[in-house]
Amino acid sequence: MTEVTRVPIKPVAKGSLTKLWLGIIVAILVGAGIAWSAVPKSVSLETLVEGTGPTPSEGDVVFINYVGKLTDGTVFDESQDPPIPPGIFPKGNPFPIEEGAAIDGFLEGLRQMQTGGKYVLTIPSDKAYGANPPEGAPIPPNADLIFEIEVTEFMAGSDFQMRLQGLQQMMQQQQGGPDGAPGGPPGAPPAGPPSGQ
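Keep in mind that this is a model prediction, so the values were computed, not measured.

**Student:** Could you clarify how one ought to interpret the pattern of salt bridges in this entry?
**Tutor:** By the definition in use, this model includes 4 salt bridges. Linking Lys 69 and Glu 148 is a salt bridge whose minimum nitrogen-to-oxygen distance equals 3.0 Å. Taken together, the residues Lys 69 in strand E2 (residues 61–70) and Glu 148 in strand E6 (residues 145–155) connect sequence positions 79 residues apart. Among the residues examined, Glu 148 registers a relative accessible area of 35% and is labelled partly exposed.

**Student:** How should the side chain of Gln 114 be read in this particular structure?
**Tutor:** Along the chain, the position of Gln 114 falls in the loop between helix H2 (104–110) and strand E5 (118–123). Only 2.4 Å separates the side chain of Gln 114 from the backbone oxygen of Gly 53, close enough to count as a polar contact. Setting aside chain neighbours within four positions, we find Gln 114 in contact with Glu 50, Gly 51, Thr 52, Gly 53, Pro 54, Thr 55, Tyr 119 and Val 151.

**Student:** Help me out: how do you make sense of the environment of Gly 116 in this one?
**Tutor:** Relative to the helices and strands, Gly 116 is located in the loop between H2 and E5. Note: C-alpha distance between Gly 116 and Glu 150 (34 residues apart in sequence) is 6.8 Å. For Gly 116, the contacting residues outside a window of four places in its chain are Val 49, Glu 50, Gly 51 and Val 151.

Rules behind the numbers
Residues numbered from 1 in each chain as written. Predicted model: local features only at pLDDT ≥ 70, side-chain atom pairs only at ≥ 80, totals over all residues. Heavy atoms only, no water. Salt bridge = Lys/Arg side-chain N within 4 Å of Asp/Glu carboxyl O. Helix = DSSP H or I, 4+ residues; strand = E, 2+ residues; numbered from the N terminus. Buried < 20%, exposed > 50% of the residue type's maximum accessible area, 1.4 Å probe, protein only. Polar contact = N/O pair within 3.5 Å; in protein donor to acceptor, adjacent residues only side chain to side chain. Contact = heavy atoms within 4.5 Å.

Shown next as structure tokens:
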């Protein structure tokens, strides 16, 4: 049998164990804080007025009224009703739900909204323009953006395209023909010199 040499251990000083545990707790909190700050911010959506029905999906077109602001309250963008005859499209500005149609955070927020709802959408800079805002825009680099949005309606992209084609045909007829030449009934040959001369 082997013999174990015994080494005397000094007793722990009074209060040292408490300091050790406090040090461990502080290290855990610092680590958690660093981890929390490394997590990317996400889009925040506050509902002011509850909407109804489903939410839009990829390919749909959402009609909205909006005001875009910086965190200090400076307005940098505001919707304006497009000059379209009433009844063809709903009120508001159309935004297609498709990649590249708007900044990522804006589309992410629109996908969560319902018809008739009013919302405040807060977009962190990394889901907005980041360090490269549009040239000439009053948006500084790395700015978080806030949008007040009212959803008037949304429709399928195919329905939007069909209505848009109808509007274009109506405008061509008002201008006098398919090529925009004045005069003559719809479908009449365009005015001008005969071909071949």
